[in-house]
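# Structure at a glance
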Amino acid sequence: MASPSPSPSGRGAEPDDPYGFGVPVDRHGTWCTQWDYVEDRFGVPDLLPFTISDMDFETAPEVMAALRGRLDHAVLGYSRWRQDDFLSAVVHWYATRHATAVDPGSVVYAPSVVYQLSQLLRLWSEPGDGVVVHTPMYDAFPKTVAAHGRRLLPCPLDDGAELERLLALPETAVLLLCSPHNPTGRVWSAEELDRMARLCARYDVAVISDEIHADLAHAPHVHRPWVGFGGAGRWAVITSASKSFNIPALTGSYGIIGDPASREAYLGRLKEADGLSSPAVLSLVGHIAAYREGAPWLDALRTYLAGNLAMVAGHLNGAFPQLGWEPPQAGYLAWIDLRPLGVDDDALQRELVEVEKVAIMPGASYGAPGWVRLNVGCPRSKAELGVGALVRALRRLV
């Protein structure tokens, strides 16, 4: 493994934090959704945010070097994603990171993961058809399903019998899988994925697997791409390096579509109907650099995030042992069940916003009242402020 490079800005990295994840970065004034526009969701400006799922970290230095090199060329004309540099980087990442073989011909491009979801819903379902989604769920899922006139069929996360009942309904067309799961951080086992695959094949249900958090699984948990379970059926993986390498502002994503006819239909819509065949060139550059050179940075990031999550567990369980909170199996979103404390959601949000001056996502946003989602993809000093504010607010209410 290559030796870690210094943080992109060269600022104050420590020996046990070679990339400077612990060094705060001021994001104010950068049109940042999490920091500059927190008032849009919480009604109050200047809150300390632990909200939207991006991180307060600089991306990998290898990514920054590649972006600077491309900008130095200074001609930013139309480009192509169907070229070997990009496709081979995706294939390389799946082979080395996930021990999974990917046919480069099955890879497609998109401006975003939600764009892919929208196009695939149109391709594999009709208005009025059912779309099965595990609950709680990422808040964009119900909005996107409803916007396309499809019917959301919610399924509790661990209810296998209900999953089969919903998949067997004549109107069910699609299983929309989140793997790893957002907001819970659940990493599906091989046995669980195999059962889902067999059920979808039995009932002729297409699968759209959102795997944008795949690279952030925490050991000993192992993410398993749907590529290895889909077989010859209608399935797609929709994903991006944007979460794992913190580059969502570059836009751009990619997918893997197993069925050739579905793939060509998707690409036809991308190019002919929507005129989106020329990609965001900096997104391609960022993906290639991340997937070819960014593994050491990502490993260091996962270690740092695991430390943040362990800190949250220590503070929460020290204050409220009855919670017995355990870190998620993937990601940097602390999904916390507060129901044992019997706290009113609205009262808690008032304490957090009006007294503690922090923004923490209420579980109701994901269909789960009584929970909160705390983003700790940030320097530990900030994460400590967030969990400290949550503990103080809870103590006043319990």
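That block above? That's the structure.
Quick summary incoming for the structure in this document. (Residues numbered from 1 in each chain as written. Predicted model: local features only at pLDDT ≥ 70, side-chain atom pairs only at ≥ 80, totals over all residues. Heavy atoms only, no water.)

## Brief notes about the sheet that holds strand β1 (residues 48-50)
Taken in spatial order, the four strands make up an open sheet running β1-β10-β11-β9, and their pairing is mixed. Each of the sheet's edge strands pairs with one partner strand only, and the pair in question is β1 and β9 (333-337). In this sheet, neighbouring strand axes are inclined to one another by 30° on average, regardless of whether the strands run parallel or antiparallel. Relative to strand β11 (residues 371-375), strand β10 (residues 358-362) runs antiparallel, the two being bridged by two bridges. Each residue of the ladder has a partner; that of Pro362, found in β11, is Val372. In the packing of helix α12 (residues 345-355) onto the sheet, contacts are made with β10 and β11, and the angle to β10 comes to roughly 155°. (Pairing = 2+ DSSP bridges. Helix = DSSP H or I, 4+ residues; strand = E, 2+ residues; numbered from the N terminus. Axes fitted to C-alpha atoms, helices over the stretch in contact; angles between N-to-C directions. Contact = heavy atoms within 4.5 Å.)

## Looking at the pairing of strand β4 (residues 151-156)
Bridge analysis of strand β3 (residues 130-135) against β4 gives six bridges, and the strand direction is parallel. By the bridge assignment, His134 is partnered in β4 with Cys155. Handedness of the crossover joining β3 and β4 through helix α6 (residues 140-147) is recorded here as right-handed. (Right-handed = clockwise from strand over helix to strand, strands pointing away.)

## Focus on the packing of helix α5 (residues 113-124) against helix α9 (residues 260-273)
With their axes 10 Å apart at the nearest point, α5 and α9 run at an angle of 120° to one another. By the criterion of interaxial angle, the relationship of α5 to α9 is oblique. The chirality of how α5 crosses α9 is right-handed. Residue-level contacts link Tyr115, Gln116, Gln119, Leu120, Arg122, Leu123 and Trp124 of α5 to Ser262, Ala265, Tyr266, Arg269 and Leu270 of α9. Along the lines of polarity and charge, the residues of the contact of α5 with α9 split into seven nonpolar, three polar and two charged. (Parallel < 35°, antiparallel > 145°, perpendicular 65-115°, else oblique. Left-handed = near helix turned anticlockwise from the far one by under 90°. Nonpolar A, V, L, I, M, F, W, Y, C, P; charged D, E, K, R; others polar.)

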